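Here's the letter readout for the chains.
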There are 2 protein chains.
Amino acid sequence: MTENLLKPTPKNTLRGHEVTEQIKNFILRNGLTSGDPLPTESELCSELGASRSSVREAIKRLSALDIVEVRHGHGTYVGRLSLNALVESLTFRGRLSSGDDLATLSELVTVRKVLEQGMGEAIIQAYDDEQHSALEALVLRMEEAAERGESFIEEDRSFHLMLLAPMNNHLVTQLTGAFWDVQAVVAPLLLTTEAEARETAAAHRAIIESARHGDLPAFVAAVAEHYAPILNHLQEPEGNRG
Amino acid sequence: MTENLLKPTPKNTLRGHEVTEQIKNFILRNGLTSGDPLPTESELCSELGASRSSVREAIKRLSALDIVEVRHGHGTYVGRLSLNALVESLTFRGRLSSGDDLATLSELVTVRKVLEQGMGEAIIQAYDDEQHSALEALVLRMEEAAERGESFIEEDRSFHLMLLAPMNNHLVTQLTGAFWDVQAVVAPLLLTTEAEARETAAAHRAIIESARHGDLPAFVAAVAEHYAPILNHLQEPEGNRG
DNA sequence: CAAAATTTGTCCGTATGTATC
DNA sequence: AGATACATACGGACAAATTTT
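Residues numbered from 1 in each chain as written. Chains lettered and ligands numbered in written order. Predicted model: local features only at pLDDT ≥ 70, side-chain atom pairs only at ≥ 80, totals over all residues. Heavy atoms only, no water.

A. Highlighting the domain arrangement of chain A. Along its sequence, chain A is carved into domain 1 (16-78) and domain 2 (84-240). Inter-centroid distance (C-alpha atoms) of domain 1 of chain A to domain 2 of chain A is 37 Å. (Domains from an automatic or database assignment.)

Here it is as structure tokens:
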């Protein structure tokens, strides 16, 4: 009578997490890198001895972390290991606490400030004319936009990424980009009055001028001044209060 | 001719991602916070008009980001929004590139250093006797362990988290913890020789002493000296070389 | 351009493990 | 211990997307 023909599956560890680890190990064992194709779902099923549902759920977990990337009707590939998961997680956290308090966002902006200040010494050391030209061009466009009463979001993002680019630290760049994205989504157009836009443009100019002159204290101060108005806005919500 | 009797399911967006967004919106709309229970899978199926598979795969994605948390046989709950996803993602990235180069880990340690240095001003400003006692106790245990030739991993983790604790910036603390965890997994016991252990303990003491005296340049230097040997190890692999 | 093949996406039905009462 | 409610796992069938023939 249908004894234990099927092994009772040692349920000390969950199948799904098992499969998740096995797929990660498969990538590591075979030395795959971003973009390399993975076996198809059915192949993974037979190779790992798991059902398609389990394999698919494992893949979902891994794709949320950008460890794998799925293209419908095409295949599954090793992901780009971006920080999308961080962006999504922090964005949700921000949206969740938003309304009653913007503490989360305030923390995030503080981290951005501190990261940039901490990078100051390295930034100044690596600062050269080429980089200055590129940043100067960005700042000019900011100033022009401010005069026209327009915003300059993209220029702002480029500025902060370009400021860090020369140190070739992928992680710093990605973190900065991630934080910027979260901030842009959770608090879109935080500063939009014309006066504030002009101030912000000026703050960016102060940053690159201090870097150009190799003046670390001035750089730290300039970064602080750049983030100060944002932090002020976040700590005392502008809208409705008695 | 078989007009749009059944809506042809606007397959511009995939069902799974739809469901993922709907679950996130459900949490936001109902103002749920960490620990609050979510509807059961079957309830979600009927409410969202999706199959169990789609709902389950969406939940897998969300649980990977710690936006929801699943307890087997009990239910699904709003997650703690930790940075586990970041840890897992970075850990995998480190393991993936490990062997040929430890560039990833080197970047990570640099970020840790820079974050702590950038925090210096705020740390010093908030530094008080109470905190110093706690940190002093940790450093003492480090020094004792170093004398006995033992390592002091847990003390190290506590030290760096406690150093940042007073600023009540959840994100900084979580990021630091996450980075520490990644480093511990990818490069376990990076420094284990007795001399290095003593050096490291001394570096920690230098950090708290400079903070105690409110000496920012000394603090920055102490942090740099703390991370310098680690970065050296990472940039020139110790093992096999002519 | 059209059909076929491949691969992932979705759905259903059912059985099993797990936690709570 | 038994009952209930829940998540986990499996297998099969069909839909949708992409590439190839």
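After that view of the structure, there is still more to cover.
B. Focus on the protein's contact with DNA strand C. As a matter of local geometry, DNA strand C sits amid 24 residues, with A:Arg52, A:Arg56, B:Arg15, B:Gly16 and B:Ser54 nearest to it. A distance of 2.8 Å separates a base nitrogen of DNA strand C from a polar atom in the side chain of A:Arg52. Of all elements in the fold, only helix H3 (52-64), strand E1 (68-71) and strand E2 (75-78) of chain A together with helix H1 (15-29) and helix H3 (52-64) of chain B reach the threshold of two or more residues within the surface near DNA strand C. A class-by-class count of the residues in the surface near DNA strand C yields three nonpolar, 13 polar and eight charged. (Near = heavy atom within 4 Å. Polar contact = N/O pair within 3.5 Å; in protein donor to acceptor, adjacent residues only side chain to side chain. Helix = DSSP H or I, 4+ residues; strand = E, 2+ residues; numbered from the N terminus. Nonpolar A, V, L, I, M, F, W, Y, C, P; charged D, E, K, R; others polar.)

C. Molecular detail of the relation of the copies chain A and chain B. Least-squares fitting of chain A to chain B yields an RMSD of 0.1 Å, with the transformation described by 0.0 Å of translation along the axis and a rotation of 180°. Within this description, the copies of the chain are treated as partners about a two-fold rotation axis. The rotation axis passes nearest to the C-alpha of A:Gly118 in chain A, at a distance of 1.9 Å. Here 100% of the interface residues in chain A have copies in chain B that are interface residues too; the copies meet face to matching face. (Least-squares fit on C-alpha atoms with pLDDT ≥ 70 in both. Contact = heavy atoms within 4.5 Å.)

D. Just the nonpolar core, in detail. A:Leu86, A:Phe159, A:Phe179, B:Leu86, B:Phe159 and B:Phe179 are the most contacted members of the largest nonpolar core, which has 89 residues in total. If sequence neighbours within four positions are ignored, A:Leu86 has contacts with A:Leu175, A:Ala178, A:Phe179, B:Leu83 and B:Leu86. Counting 44 residues, the second largest nonpolar core, distinct from the first, contains A:Val55, A:Leu62, A:Val78 and B:Cys45. (Core = buried A, V, L, I, M, F, W, Y, C linked by side-chain atoms within 4.5 Å. Buried < 20%, exposed > 50% of the residue type's maximum accessible area, 1.4 Å probe, protein only.)

E. Summary view of the packing of aromatic side chains. Inspection of the entire model under this criterion finds zero aromatic pairs over all chains. Over the ring of B:Tyr77 we find B:Arg71, and its NZ or CZ is 4.2 Å from the ring centre. (Phe/Tyr/Trp six-rings, centres within 6.5 Å; stacked < 30°, edge-to-face > 60°. Lys NZ or Arg CZ within 6 Å of the ring centre and 35° of its normal.)

F. Structural detail: the protein's contact with DNA strand D. Around DNA strand D, the structure places 23 residues, and the nearest of them are A:Arg15, A:Gly16, A:Ser51, A:Ser54 and B:Lys60. The protein-proximal atoms of DNA strand D, defined as those within 4 Å of the protein, are 76% sugar or phosphate. The backbone of B:Gly73 places a nitrogen or oxygen atom 3.3 Å from a sugar or linking oxygen of DNA strand D. Those elements that place two or more of their residues in the surface near DNA strand D are helix H1 (15-29) and H3 of chain A together with H3, strand E1 (68-71) and strand E2 (75-78) of chain B. In terms of residue count, the dominant contributor to the surface near DNA strand D is H3(A) (three residues). Taken together, the residues of the surface near DNA strand D break down into two nonpolar, 13 polar and eight charged.

G. Molecular detail of the pattern of salt bridges. Tallying each qualifying case throughout the model produces 31 salt bridges over all chains. Notably, a salt bridge pairs A:Arg148 with A:Glu150, separated by 3.1 Å at the nearest N-O pair. Since its relative accessible area comes to 53%, A:Arg148 is described here as exposed. If you follow the salt bridges from partner to partner, you end up with A:Glu41, A:Arg52, A:Arg56 and B:Glu57 in one network. (Salt bridge = Lys/Arg side-chain N within 4 Å of Asp/Glu carboxyl O.)

H. Structural view of the side chain of B:Thr20. Residue and element names in this part refer to chain B. Among the secondary structure elements, Thr20 is positioned in helix H1. Reaching out from Thr20, the side chain makes a polar contact with the backbone oxygen of Gly16 at a distance of 2.8 Å. Excluding its chain neighbours within four sequence positions, the residues that come into contact with Thr20 are Ala58, Arg61 and Leu62.

I. Main features of the interface of chain A and chain B. At the junction of the two partners, chain A supplies 43 residues and chain B supplies 43 residues. For the pairing of chain A and chain B, the buried interface totals around 4300 Å² over both sides, and the portion due to carbon and sulfur atoms is 68%. On the surface where chain A and chain B come into contact, there are four salt bridges. With a closest N to O distance of 2.8 Å, B:Arg56 and A:Glu57 form a salt bridge. (Buried area = accessible area lost by both parts, 1.4 Å probe.)

J. Summary view of the environment of A:Ala165. Mapped onto the elements of the fold, A:Ala165 is located in the loop between helix H7 (153-164) and helix H8 (170-186). Considered as a pair, A:Ala165 and A:Ala218 are 53 residues apart in the sequence and their alpha carbons are 20 Å apart.

K. The arrangement of helix H2 (residues 41-48) of chain A in detail. All names here are of chain A. Here H2 has its buried residues at Glu41, Leu44, Cys45 and Leu48. The arc that holds every buried residue of H2, seen down its axis, measures 105°, which confines them to one face. Opposite its buried face, H2 presents the exposed residues Ser46 and Glu47, each directed more than 90 degrees away. Of the surrounding elements, those touching the buried residues of H2 are H1 and H3. Following H2 by one or two positions, Gly49 has its phi on the positive side, about 65°. (Arc of directions from axis to C-beta.)

L. Main features of the confidence of the model for chain A. Overall, the prediction assigns chain A a mean pLDDT of 90, with 90% of residues at 70 or greater. Here helix H10 (residues 216-235) of chain A stands out as the least confident element of chain A, with mean pLDDT 92; E2(A) is the most confident, with 98. (pLDDT = per-residue confidence, 0-100.)

M. Structural context of helix H10 (residues 216-235) of chain B. Residue and element names in this part refer to chain B. A rise of 1.5 Å per residue sets the reference length of H10, with its 20 residues, at 28 Å; its end C-alpha atoms lie 28 Å apart and thus fit the reference within 8%. Of all bends in H10, the biggest is about 35°, found at Ala228, and the proline Pro229 comes one to four residues later. Within H10, burial applies to Phe219, Ala222, Val223, His226, Tyr227, Ile230, Leu231, His233 and Leu234. Buried residues along H10 sit against helix H5 (103-126), helix H7 (153-164), helix H8 (170-186) and helix H9 (194-212). The distance from a side-chain oxygen at the start of H10 to the backbone nitrogen of Ala218 is 3.2 Å, and the residue carrying that oxygen is Asp215. (Expected span 1.5 Å × (residues − 1). Bend = angle between axes of the 7 residues up to and from the residue.)

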